[in-house]
Amino acid sequence: MRWFYFILLLTSSNCFAETSVEYYQNGIQHVLNGHYHKSGVPYAAKTPKQILHLATLDWPPYIGSNLCNKGWVYQFSIALLNSKGYSVYIEFLPWARAVRNVELGKADILMPEYFIEDTAPSDYVNGKTRRELLGLSNSFKGGEIAFLKRKGDTDRFTGNLKSLKGQKIGVVRGYQNTPEFDAMMDNNEFEIITSVDDLQLVQLLVAKRVDLIIGDPDVLKFSVSYSSLSKSEKNTLLSSIENENTPLQYNPLYFAISKLTPNWLLVLEDINEGLYQFHNSGEIDRIINTTNTQCKPYNWNVPLLR
């Protein structure tokens, strides 16, 4: 019954053509055409094992509802799952809501996610850790995590997080950052101010509501250029921030599967097998390079504002 409803989504007259996804498997090209329906986009597999509901966020330059081709993580995620025989319904949500939906079993997969420590508490299920609710896949390519400060400010981070005790630090609500930082944050060793997204985080810093913000610098800066702000507002924000000189760490990315999803262990096994196959064949690099080549204005190696 669920599959019949999924077919109706793809054939409904209320749907219209959306982003296509292309990938190669065993030398054969596969092209998937998705269509908007309600708040998401379904992609059908020819012989589906089951339908997986993905919850994601606007997190450019990796993934975004208004990005060219929706970003390489979007392309890669749908391609990987389709290659393992799954149909996909993908939905963009505010991150905190995406986390909540997957932890409560209202969606199947949260992506892209950072590593989740075994002790990280759930914000939505009392007495449970996030790892009790979610199964974490093997990793795939990610980016750097660093602190950003107001331009001209003296560095506060020495390389040891204890140097930041008592500092007022901005974080996006629901984000994992690094295991050590998250543990110290949960232990109230910093004064934490939360934002709903990366753009608001940058605005908090420039407005002097926080001393530092933490995140992927590419994402934080790109969120400004990607926003609906005027060009002068964007230039003001971007010219007012800079990275701390000492980086924090490199963070790979993961898929997090709800343990309430039917056959979640099999789904996890299939994802891990797909990750190995896409890495071993070079398909993940091809998808990244193709997306960046086709979408040069969104390539993170291109200056954000000229």
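Our subject is the structure listed above.
Residues numbered from 1 in each chain as written. Predicted model: local features only at pLDDT ≥ 70, side-chain atom pairs only at ≥ 80, totals over all residues. Heavy atoms only, no water.

Engineer: Just checking my understanding: could you explain the packing of aromatic side chains for this structure?
Structural biologist: Aromatic rings considered in pairs are described by the distance between their centres and by the relative angle of their planes. Applying the stated criterion across every chain yields a total of 18 aromatic pairs. Ring geometry for W59 and Y62: centres 4.7 Å apart, planes at 20°, overall stacked. Here W59 matches Y62 in class, with each residue buried. With 6.4 Å between their ring centres and 65° between their planes, Y62 and W72 make a pair best called edge-to-face. Linking Y62 in the loop between β4 (51-56) and α2 (72-83) with W72 in helix α2, this pair joins segments that are 10 residues apart in sequence. Taken as a pair, Y62 and W72 share a single burial class, namely buried. Each residue in the set Y23, W59, Y62, W72, F76, Y114, F140, F255 and F278 is aromatic and connected to the rest through ring pairs, giving one cluster. (Phe/Tyr/Trp six-rings, centres within 6.5 Å; stacked < 30°, edge-to-face > 60°. Buried < 20%, exposed > 50% of the residue type's maximum accessible area, 1.4 Å probe, protein only. Helix = DSSP H or I, 4+ residues; strand = E, 2+ residues; numbered from the N terminus.)

Engineer: Would you mind going over empty space enclosed by the protein with me for this structure?
Structural biologist: In this approach, a probe sized like a water molecule rolls over the atoms, and the result shows the empty space that is left. What the rule picks out here adds up to 2 cavities of 30 Å³ or more. One number sums up the size of the largest cavity: a volume of about 120 Å³. If you go around the largest cavity, you meet 14 residues; those closest to its centre are W59, P112, Y114, Y175 and Q176. Looking at the lining of the largest cavity residue by residue, the classes come out as 8 nonpolar, 3 polar and 3 charged. (1 Å grid on protein atoms, 1.4 Å probe; cavity = no way out; pocket = protein on both sides within 12 Å on 5 of 7 lines; lining within 4 Å. Points joined across faces, edges and corners; volume = space filled by probe spheres on them. Nonpolar A, V, L, I, M, F, W, Y, C, P; charged D, E, K, R; others polar.)

Engineer: Got a minute to help me understand the pattern of salt bridges in this structure?
Structural biologist: For side chains bearing opposite charge, pairing can occur when the charged atoms are close. A full pass over the atoms with the stated rule returns 15 salt bridges. Between R130 and E103 there is a salt bridge, with its nearest N and O atoms 2.6 Å apart. Of the two residues, R130 sits in helix α4 (residues 130-133) while E103 sits in helix α3 (residues 95-103), which places them 27 residues apart along the sequence. On the basis of relative accessibility, which here comes to 3%, the residue R130 falls in the buried class. With its nearest N and O atoms 3.9 Å apart, the salt bridge here joins D153 to R156. (Salt bridge = Lys/Arg side-chain N within 4 Å of Asp/Glu carboxyl O.)

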